[in-house]
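# Descriptive structure summary
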Amino acid sequence: MPAVDELVDVALFGNRFLTERAPSETFPEGGMAATDAMRLLGEDLALEGDPQRNLGTFVTTRMEPEAQRIIAENLHRNFIDHAEYPVSAEIEQRCVRMLADLFYAPGRTTGCSTQGSSEAIMLGALSLKWKWRERRQAANLSIDRRNLVFGGDVHVVWEKFCRYFDVEPRIVPLAEGKYTIGPEDVEPHIDENTIGVVAVLGTTFTGHKDDVVGIDKLLRDVRKERDLDIPIHVNGASGGFVWPILYPDSKWDFRLEQVRSINVSGHKYGLVYSGVGWLVFREETDLAQDLVFYENYLGETDATFTLNFSTGAAMVLAQYYNFVRLGRQGYTYVMETMQKNAHALADNLVGSGRFEVIGSDLEQLPLVAFRLAGKHAYDESDIARQLAPSAAGWCRRTRSRPTRSG
């Protein structure tokens with residue numbers, strides 16, 4: 001046992017929670033000094049990884065001091081209270097209109113901010129389901145069975161949606177060397193009960209996109225030949241800010257007729273801290289009106305179709321800050337710089353002779369997806385653990401799912 005004076009020295013050097021247990025099991029009877037509370041949290045968080053060294057994340061880990069000030073000064077602003085904070089609501093809609101312009105919406109549209117792409121996906125998929133229900137009811141057809149088609153390259157939230165909202169998931173499996181889906185994969189799975197097809201723009205496995213152009217052509221042909229209007233929702237969580245900048249001539253957005261809704265994460269390549277996402281519809285009529293609630297909140301009636309109510313306005317304001325601070329030229333500089341860094345890393349990995357880079361000659365997020373070349377006594381997960389503790393979770397113990405470095 002250390003001497004009492006040694007314990008005192010430790011406590012003075014750090015804080016008293018180095019020598020006594022921190023509150024964790026029961027609600028504390030009394031409080032503590034603000035400095036003690038701050039130090040307690042600081043000691044705990046010191047055990048975590050440094051976000052700026054996290055090679056396994058798409059999420060933004062740095063913003064300018066001015067943006068951080070905007071966030072800090074608006075954490076107390078409740079976004080849902082449009083009567084009290086109408087400017088925050090207007091700024092949200094400015095962002096929606098700017099995104100609609102970026103995605104080539106043909107005319108007047110609608111959309112909203114969300115807590116991230118997961119909420120945006122839930123809302124977009126619900127709209128697909130209820131628009132399908134409207135069409136079926138108008139034709140006096142059954143609405144008992146419905147399905148949603150997507151590839152194995154999607155985020156798990158799509159399977160969550162299907163489970164939570166009673167939709168059959170029709171998942172196109174991936175295979176070694178095939179990390180995205182196209183029309184030939186989709187066609188066998190669609191029928192009159194298909195509420196929509198999901199196309200991914202920037203997969204979490206390799207950063208590539210599904211063949212949205214091919215899927216769009218397939219569904220236009222199906223509409224003509226079988227009188228089935230099956231829409232596409234583009235999951236642009238990662239790629240929605242990348243493709244308009246790095247690949248402006250690549251069509252994946254509202255320039256394609258069957259693309260009816262798009263989600264994008266502001267907290268990924270939108271360059272905002274977690275968590276803010278966006279959902280944008282092609283036209284106002286693509287939003288199922290059953291999703292819209294008119295609620296009287298503190299004296300003013302507002303229309304809302306988000307899953308959440310009370311939420312801070314700070315990240316919405318931070319997104320608008322980025323839009324007006326950077327503009328298209330600023331976003332282009334950031335994306336091109338990241339792409340150059342990715343290419344430099346890819347060249348070095350290939351040059352080592354130890355790794356194979358996946359699909360660097362294709363349209364891709366500014367990242368490097370790679371796997372080991374040849375057979376070894378270790379695998380990609382072992383490599384990832386050497387890079388950073390937080391990166392290991394992105395590796396898969398299979399040679400068909402490559403390691404990714406952001």
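Predicted model only: the values in this text are computed from it and were never measured.

### A word on unusual backbone geometry
- With omega at -5 degrees, the peptide bond leading from Ser-274 into Gly-275 counts as cis.
- With respect to the secondary-structure elements, Gly-275 resides in the loop between β6 (259-265) and β7 (277-281).
- Residue Tyr-104 is not a glycine yet carries a positive backbone phi of 65 degrees.
- You can see Tyr-104 is positioned in the loop between α4 (86-102) and β1 (111-114).
- Look at Tyr-104 and you get partly exposed, because its relative accessible area is 41%.
- For Asn-140, which is not glycine, the phi torsion reads 55 degrees and is therefore positive.
- Among the structural elements, Asn-140 can be located in the loop between α5 (117-138) and β2 (147-151).

### A word on the nonpolar core
- Of all hydrophobic cores here, the largest spans 63 residues; its most connected members are Leu-99, Phe-103, Ile-190 and Phe-241.
- In this view, Phe-103 contacts Gly-240, Pro-244, Trp-252, Asp-253, Phe-254, Arg-255, Ile-262, Val-264 and Val-280; residues no more than four positions away in its chain are not counted.
- Grouped together as the second largest cluster of nonpolar side chains are 28 residues, Trp-130, Trp-132, Phe-150 and Val-198 included.

### Digging into the packing of α4 against helix α10 (residues 314-351)
- Contact geometry of α4 with α10 gives a least axis separation of 9 Å together with a crossing angle of 45 degrees. Judged by the angle between their axes, α4 and α10 are oblique. In terms of crossing hand, the pair formed by α4 and α10 is left-handed. Contacts between α4 and α10 pair Ser-88, Ile-91, Glu-92, Arg-94, Cys-95, Met-98, Leu-99 and Leu-102 from the former with Val-316, Leu-317, Gln-319, Tyr-320, Phe-323 and Arg-328 from the latter.
- The residue makeup of the contact of α4 with α10, split by class, is 9 nonpolar, 2 polar and 3 charged.

### Focus: the pairing of strand β5 (residues 232-235)
- With burial as the criterion, each face of β5 is covered, one bearing Ile-232 and Val-234 and the other bearing His-233 and Asn-235.
- When strand β4 (residues 194-200) meets β5, the two strands line up parallel, connected through 4 bridges. Its bridge partner lying in β5, Ala-199 is registered against Val-234.
- The sheet contact formed by β5 and β6 spans 4 bridges and is parallel. The residue bridging Asn-235 from the neighbouring strand is Asn-263, located in β6.

### Details of the pattern of salt bridges
- Per the counting criterion, the structure on display carries 20 salt bridges.
- A salt bridge links Glu-356 to Arg-371, with the nearest nitrogen and oxygen atoms 3.2 Å apart. Here the residue Glu-356 occupies a position in strand β10 (residues 355-357), and Arg-371 occupies one in strand β11 (residues 368-372), the gap between them amounting to 15 residues.
- If you follow the salt bridges from partner to partner, you end up with Glu-90, Arg-94 and Arg-97 in one network.

### Some thoughts on helix α6 (residues 157-164)
- Turning to α6, its buried residues are Val-157, Trp-158, Phe-161 and Cys-162. Down the axis of α6, the buried set is contained in an arc of 145 degrees. They therefore lie on one face. Relative to its buried face, α6 has exposed residues pointing more than 90 degrees away, namely Arg-163 and Tyr-164.
- Buried residues belonging to α6 abut α5, β2, β3 (168-172), β4 and β5.
- Following α6 by one or two positions, Asp-166 adopts a phi angle in the positive range, close to 55 degrees.

Rules behind the numbers
Sequence positions are assigned chain by chain, starting from 1 and proceeding in written order. Local features in this predicted model are restricted to residues whose pLDDT is 70 or higher, and side-chain atom pairs enter the listing and the counts only when it is 80 or higher, whereas totals over whole chains, interfaces and linings include all residues. The side-chain quantities take in all heavy atoms of the structure and omit both hydrogens and water. Elements are defined by DSSP. Helices are runs of H or I of four residues or more, strands are runs of E of two residues or more, and each kind is numbered from the N terminus. Working definition: with a 1.4 Å probe on protein chains only, accessible area under 20% of the residue-type maximum means buried, over 50% means exposed, and in between means partly exposed. For the purposes of this section, nonpolar cores are sets of buried Ala, Val, Leu, Ile, Met, Phe, Trp, Tyr and Cys residues that join through side-chain atoms within 4.5 Å. By definition in these notes, contact holds between two residues if any of their heavy atoms fall within 4.5 Å. Interaxial angles span 0 to 180 degrees and are taken between N-to-C directions of axes, which are lines fitted to C-alpha atoms, for helices over the stretch in contact. The scheme is simple: roughly parallel for angles under 35 degrees, roughly antiparallel for over 145, roughly perpendicular for 65 to 115, oblique for anything else. In this scheme the crossing of two helices becomes right-handed for a clockwise turn of the near helix relative to the far one and left-handed for an anticlockwise turn of less than a right angle. Lys, Arg, Asp and Glu make up the charged group, whereas Ala, Val, Leu, Ile, Met, Phe, Trp, Tyr, Cys and Pro make up the nonpolar group; the residues left over, Gly among them, are polar. Two strands are counted as paired when DSSP detects at least two bridges linking them. Just to be clear on terms, a salt bridge is a Lys or Arg side-chain nitrogen sitting within 4 Å of an Asp or Glu carboxyl oxygen. Note that the arc is computed from the directions linking the helix axis to the C-beta atoms.

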